[in-house]
Amino acid sequence: MKNEKLLTLLKILGVFTCLYLFLVGIGGMGYSFKLFGKEFSGRILQATSDPLIGLFIGILATTIVQSSSTTTSIIIGMVAAEAIGVRGAIFMVMGANIGTTVTAKLVSLGHITRKAEFRRAFAASSVHDTFNFITVSILFPLEYFLHILEHTATWMGRIFVDVTGITKPENYLKKFTQPSIEALADMLDKVPWLVLLVSVIITFFMLWAIVKLLQSLVLKKLEAFFDAVLFRNAAIAFVVGMFLTVLVQSSSITTSLIVPLAGAGVLRLQQIFPFTIGANIGTTVTGLLAALAVAGQPGIDPKLVIAGATVAFAHFLFNASGALIFLPFKKLRDLPVLFAEWLAERCIRNRFVPIVIILLFFYIIPIIVTWNTIAGVFNK
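In this report, the structure presented in the accompanying data block is examined. (Residues numbered from 1 in each chain as written. Predicted model: local features only at pLDDT ≥ 70, side-chain atom pairs only at ≥ 80, totals over all residues. Heavy atoms only, no water.)

The subject of this paragraph is a nonpolar patch on the surface. A cluster of nonpolar side chains, Phe 133, Phe 352, Ile 355, Val 356, Leu 359, Leu 360, Phe 361, Ile 364 and Ile 368, forms an exposed patch at the surface whose accessible area comes to about 830 Å². The biggest single contributor to the nonpolar patch is helix H17 (residues 353-379), with 7 residues. Mapped onto the secondary structure, Phe 133 falls in helix H7 (residues 115-146). (Patch = residues over 30% accessible without salt bridge, like charges linked within 9 Å, V, L, I, M, F, W, Y side chains within 5 Å. Areas by Shrake-Rupley, 256 points an atom, 1.4 Å probe, with all protein chains shown as cover. Salt bridge = Lys/Arg side-chain N within 4 Å of Asp/Glu carboxyl O. Helix = DSSP H or I, 4+ residues; strand = E, 2+ residues; numbered from the N terminus.)

Further remarks concern the layout of surface pockets. Empty space within the second largest pocket amounts to approximately 250 Å³. Surrounding the second largest pocket, 13 residues form its lining, Gln 66, Ser 67, Trp 208, Ser 250 and Ile 253 being those nearest its centre. Where the lining of the second largest pocket is concerned, the elements lending two or more residues are helix H10 (192-222) and helix H12 (251-263). Among the elements that take part in the lining of the second largest pocket, H10 stands out by supplying 5 residues, more than any other. Residue composition of the lining of the second largest pocket, by class: 6 nonpolar, 6 polar and 1 charged. (1 Å grid on protein atoms, 1.4 Å probe; cavity = no way out; pocket = protein on both sides within 12 Å on 5 of 7 lines; lining within 4 Å. Points joined across faces, edges and corners; volume = space filled by probe spheres on them. Nonpolar A, V, L, I, M, F, W, Y, C, P; charged D, E, K, R; others polar.)

Right, let's get into the packing of aromatic side chains. Between two aromatic rings, the relevant description is the distance of the centres plus the angle of the planes. A complete count under the given rule lists 11 aromatic pairs for this structure. For the ring pair Phe 140 and Tyr 144, a centre distance of 6.4 Å and an interplane angle of 15° mean the geometry is stacked. With a gap of 4 residues between them, Phe 140 and Tyr 144 both fall in helix H7, about one helical turn apart. A centroid spacing of 6.5 Å and a plane angle of 80° characterise the contact between Phe 205 and Trp 208, whose relative ring orientation is edge-to-face. Pair noted here: Phe 205 and Trp 208 are both in helix H10, with a separation of 3 residues, about one helical turn. According to the relative accessible area criterion, Trp 208 is partly exposed, its value standing at 46%. Every member of this aromatic cluster is reached through a ring pair, and the members are Phe 91, Phe 140, Tyr 144 and Phe 145. Above the plane of the ring of Tyr 144 lies Arg 87, whose end atom (NZ or CZ) is 5.5 Å from the centre. One Lys or Arg, Lys 105, reaches over the ring of Phe 122 and ends 4.8 Å from the middle of that ring. (Phe/Tyr/Trp six-rings, centres within 6.5 Å; stacked < 30°, edge-to-face > 60°. Buried < 20%, exposed > 50% of the residue type's maximum accessible area, 1.4 Å probe, protein only. Lys NZ or Arg CZ within 6 Å of the ring centre and 35° of its normal.)

This part covers the side chain of Asn 97. For Asn 97, the location among the structural elements is in helix H5 (residues 86-99). Of the polar contacts made by the side chain of Asn 97, one reaches the side chain of His 315; its length is 3.0 Å. If we ignore the near neighbours within four places in the chain, the residues touching Asn 97 are Asn 132, Asn 280, His 315, Phe 318 and Asn 319. (Polar contact = N/O pair within 3.5 Å; in protein donor to acceptor, adjacent residues only side chain to side chain. Contact = heavy atoms within 4.5 Å.)

Below, the structure written as structure tokens:
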């Protein structure tokens, strides 16, 4: 019992240590872009200004790192460094929401040798990406022409900065992280690409470690309760998905967790769908942490802090808008479920089809669309 308590305490201390290093990683990215200079940042800004390119960069980046939280955090750090504009970043975040669904898809392939299980598991994984694809198809043109998310998120970002006071001189977060950011840069001789690379690695692995530690602290204790009781109705499933994702900081983990349960026939798609929407909203908390982290960058302009917060709130508004579109209306709520079931039925007829779908929509098409743009940034 004592050893178990000690292990729990060490895990909690590990979470806080990793969280600090995560904040340092975000700050280090901003520092590195200052070292690169305005010309390099300008090239990235120009390359990512196209909304469609931004969308596919978000998809590709997230399918590679398997975490929309990581992608969004990196995007917010780049916005604060003036390497990406707010408008382009919002479309990247939309893409990140699609890209993060590939994890559940890959988990479902573990059932591919068992026909009935695979049909249920693949349908469960498809509910998440169907929701995000539909939400993007609705909000992308609205944002493109009307800037609804950008205007609303900017207003929320200003309030966030005013309430938290993170741009004030006495900001303790800045004092806490700035020495480590500068020490990291000095240790790497302030070589821009090296500072960027190490900062991205720190950000990725610290968020990964936080997720793993929180997963062992939270999910292991909840697995016994993952049955129909927690999914009694749509409202409860939504709240469970949201708070569980806030606790473990990863929608990929929580949505992938229910795929085997669906495969085993424990949960139905109608129960899973509101859970995944809640998970999408819960994961936006990481973006707010990243928005706080950018305030720790040396000499950061308050306007850039607001810009970072704007992207974080746009991420939240995107997912909240999707929830408002689907959750209140049963007929709309059934659409992603029906499509997921239809797709699963098609995929079990030839089990190479789901593999082709994953490769095509999450890797091949995004690479084709973004290849010239990404290559152009580094070749100039």
